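Read off the chains here:
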Amino acid sequence: MPAPVIHFKLASASEPPADPPGAARPRPPRPVRNPRLQGFRCLRCDAPYPLTLANDGCPACRGMGVHVGLHASYLPESGSPLPMPYAPGFTLGEGGTPLLDMPELAHEFGVARLALKDESCNPTGSHKDRMTAVGVAQALDFGAHTLVLASSGNAAVSAAHYAWAAGLGCEVATYEGLPAAYARQLDALGARRHAFADNAGRWAFVRERSQHPGYFALTNYRLPALGSAPLAIEGYKPIALECLAEGGLPDHLVIPTARGDLAWGIYAGFRDLLAAGRISRLPRLWLVEPFARLSRVLAGGALDGAYPGHTAQFSTAGSTVTFLQWQAAVASGGGAVVVGDEQARAARQKLTAAGVSAELCAAAGLDALRQLREGNAIAADAHVVLMLTANASRDPSWPDRAA
């Protein structure tokens, strides 16, 4: 039976799935695990660990007071510049999103080339589908029956649809006041919603659920934060290869960030391409945040500190920073850029005038480009890619108020 996600966009969210919530659905075949996948390694000390569903980070580093996540580790393989955990895995057609050249905006912002990587073209309308697809493959591989995650936006919508299509359960820890449009989608797909006032409550719920057999935590559940499930984050790596194939090697990528899953996945993709000799250098990654978090860490603040703030940039809210987020910025020679809501709204007006629909945090990337050009961090002859994580229809702050 075709999954309703295949035809999903927010405007059709009121359409229920073909089966009632909770109805038995056949599971896809168990995915084929890459035989070169060895296990996990620490992002910091490189200590090896076995593959598990748990995402508890590196115990050795934690013993030294440093909270660090893990990444997938593969044996070397000739002819495979971008190793992935599963081949084939579970898919609803995510990936292969268009790279849109924006010559008029490039001229206005003073760069040689500007392109948007339009992740709104994924099945449920955001970049999260890439991570969710690999997460579902891991759940099927390990015999899990339920995805559990903390999200009040794109990740929740993606997980609910992919879980439904894969015959898995889905439980979502949301913030109180979840937008009605998101709630309708989750309910229609049989996902169970649990509302909490803050991240501490959401993550405690996800952590508790993850201790039970058959539950797989797709997103972060620890404080200090580690990031989402390490194998699932691998789902973002193909963005690097797609950018290279569609437009050549960029000099800079500008990426909205909350805890850095997307940024690290893109960094890992380019890192693998560099190791395979497919590229001669890493592009610099600039992580865009609505208020200073990673920026404060890069200036000497504690990685495990709390950096609260308020923002309408719904998809990149939160007060935490992760080691993987820090690593993506530092290892690529990039950094962090703070773009407030008013700056992001002004940037969204420019994108809208250019025929591009963007969620507010993605539009913020355009103002980040302005700041980076003014500070000479990006040169006039640069090739820049902005990550358009989702369009405006996914954004509770849309439409913007009249000026």
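The notes below deal with the structure included here. On a predicted model such as this, the values are computed, not experimentally measured, just so you know.

So, on to the state of the cysteines. Each disulfide consists of a covalent bond between the sulfur atoms of two cysteine residues. Taken as a whole, this structure holds zero disulfides when the rule is applied. Here Cys61 stays free of any disulfide, with the sulfur of Cys42 as its closest cysteine sulfur at 3.6 Å.

What follows concerns the environment of Glu108. With respect to the helices and strands, Glu108 occurs in helix H2 (residues 103-109). Along the primary structure Glu108 and Ile255 are separated by 147 residues, whereas in three dimensions their C-alpha atoms are 20 Å apart.

Glancing now at the sheet that holds strand S9 (residues 215-217). Strand order in the open sheet formed by four strands is S8-S7-S6-S9, with parallel pairing between adjacent strands. Single-partner strands in this sheet number two, and they are strand S8 (192-196) and S9. Going across the sheet, the axis of each strand differs from the next one's by a mean of 20°, ignoring polarity. By the bridge criterion, five bridges tie strand S6 (residues 146-150) to strand S7 (residues 169-175) in an arrangement that is parallel. Across the sheet, Thr146 pairs through a bridge with Gly169, a residue of S7.

Summarising the element assignment, Glu242 is placed in helix H8 (residues 238-247). Excluding its chain neighbours within four sequence positions, the residues that come into contact with Glu242 are Gly95, Gly96, Thr97, Lys117 and Arg130.

What follows deals with helix H9 (residues 261-275). For H9, spanning 15 residues, the distance from its first C-alpha to its last is 21 Å, which sits close to the expected 21 Å at 1.5 Å a residue. Extensive coverage of H9 is indicated by the burial of twelve of its 15 residues. For H9, the set of buried residues is Asp261, Leu262, Ala263, Trp264, Gly265, Ile266, Tyr267, Ala268, Gly269, Phe270, Asp272 and Leu273.

Its location among the elements puts Arg36 in the segment before strand S1 (37-42). Sequence-wise, Arg36 and Glu77 are 41 residues apart; in three dimensions their C-alpha atoms are separated by 7.5 Å. Once residues within four sequence positions are removed from consideration, Arg36 is found in contact with Ser73, Tyr74, Leu75, Pro76 and Glu77.

Thresholds, definitions, all that
Numbers given for residues are sequential positions, taken from 1 along each chain in its written order. With the structure being a predicted model, the display of local features is reserved for residues of pLDDT at least 70 and the display and counting of side-chain atom pairs for 80 or more, all residues being used for whole-chain, interface and lining totals. The side-chain figures draw on all heavy atoms in the structure; neither hydrogens nor water molecules are used. Two cysteine sulfurs form a disulfide in these notes if their separation is within 2.5 Å. By the criteria applied, helices consist of DSSP H or I runs no shorter than four residues and strands consist of E runs no shorter than two, each listed in order from the N terminus. Paired strands, as defined in this entry, are two strands with at least two bridges between them according to DSSP. Interaxial angle, 0 to 180 degrees, is taken between N-to-C directions of lines fitted to C-alpha atoms, where a helix line uses only the stretch in contact. A contact between two residues is defined here by any heavy atoms of the two lying within 4.5 Å. For a helix, the expected span equals 1.5 Å multiplied by the number of residues minus one. Relative accessibility under 20% of the residue-type maximum defines a buried residue, over 50% an exposed one, and the middle range a partly exposed one, all with a 1.4 Å probe and only protein chains included.

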